[in-house]
Amino acid sequence: QVHVVESGGGLVQPGGSLRLSCAPSGSIFSTTVMGWYRQVPGKEREWVACISRDGKTYYADSVKGRFTISKDVSKNTVYLEMNNLKSDEAADYYCAAPAECRGDYAGVLTWGQGTQVTVSP
């Protein structure tokens, strides 16, 4: 199982930027698919972005062109750079290890505590 710790959330104004970090247990180099998800209380958890074992990236349509997922193998960290944030993107953001980058969370065995993103003037 991949255990993760997310960080980097906070308060940002609409149109602002944040960079989230995810530190999974064990090495992420070429062995683990990693994804970012978000959830608003009372709603289903939503897939946001994914990075494959070989570094290919995938995004939900709603965030394409504004969010960037990346990984730094030397730091064993996965990032989500979020630009031009919208008010309705305020949520708890989670990273996890799905089985594949398919736009869902199939195969995710554990979730971290998440990091809260608040988008407000």
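Residues numbered from 1 in each chain as written. Predicted model: local features only at pLDDT ≥ 70, side-chain atom pairs only at ≥ 80, totals over all residues. Heavy atoms only, no water.

Asks: I would appreciate a short explanation of the side chain of T32 in the present structure.
Replies: Structurally, T32 is set in the loop between β3 (18-24) and β4 (34-39). Those residues in contact with T32 that lie beyond four places of it in its chain are V2, S27, I51, R53 and A97. (Helix = DSSP H or I, 4+ residues; strand = E, 2+ residues; numbered from the N terminus. Contact = heavy atoms within 4.5 Å.)

Asks: Where do I start with the pattern of salt bridges in this structure?
Replies: Here the idea is simple: oppositely charged side chains can pair when their charged atoms come close. Evaluation of the coordinates by the stated rule reveals five salt bridges. Here R38 ties to E46 by a salt bridge, and the two come within 2.8 Å at their closest N and O atoms. Looking at R38, the relative accessible area reads 7%, which means it is buried. As a salt-bridge pair, E89 and R38 come within 3.3 Å of each other at their nearest N and O atoms. Of the two residues, E89 sits in the loop between β8 (77-82) and β9 (91-96) while R38 sits in strand β4, which places them 51 residues apart along the sequence. This pair shows no difference in class: E89 is buried, exactly as R38 is. Each of the salt bridges in this network shares a partner with another, and the network as a whole consists of R38, E46, R66 and E89. (Salt bridge = Lys/Arg side-chain N within 4 Å of Asp/Glu carboxyl O. Buried < 20%, exposed > 50% of the residue type's maximum accessible area, 1.4 Å probe, protein only.)

Asks: Is there a simple way to explain the state of the cysteines in this structure?
Replies: Between two cysteines, a covalent bond joining their sulfur atoms is known as a disulfide. Counted by the stated rule, this structure contains two disulfides. A sulfur-sulfur separation of 1.8 Å characterises the disulfide bridge that pairs C22 with C95. Residues C22 and C95 share a disulfide whose torsion about the S-S bond is about 55 degrees; that sign makes it right-handed. Here the residue C22 occupies a position in strand β3, and C95 occupies one in strand β9, the gap between them amounting to 73 residues. Between the sulfur atoms of C50 and its disulfide mate C101 the distance is 1.9 Å. Judged by the sign of its S-S torsion, about -80 degrees, the cystine formed by C50 and C101 is left-handed. Placement of the pair is C50 in strand β5 (residues 46-51) and C101 in the loop between β9 and β10 (115-119), with a sequence separation of 51 residues. Per residue, the accessibility class of C50 equals that of C101, and both read buried. Once the bonded cysteines of the chain are numbered in order along the sequence, the disulfide links fall as 1-3, 2-4. (Disulfide = S-S within 2.5 Å.)

Without other data, these values stay purely geometric and don't point to any function.
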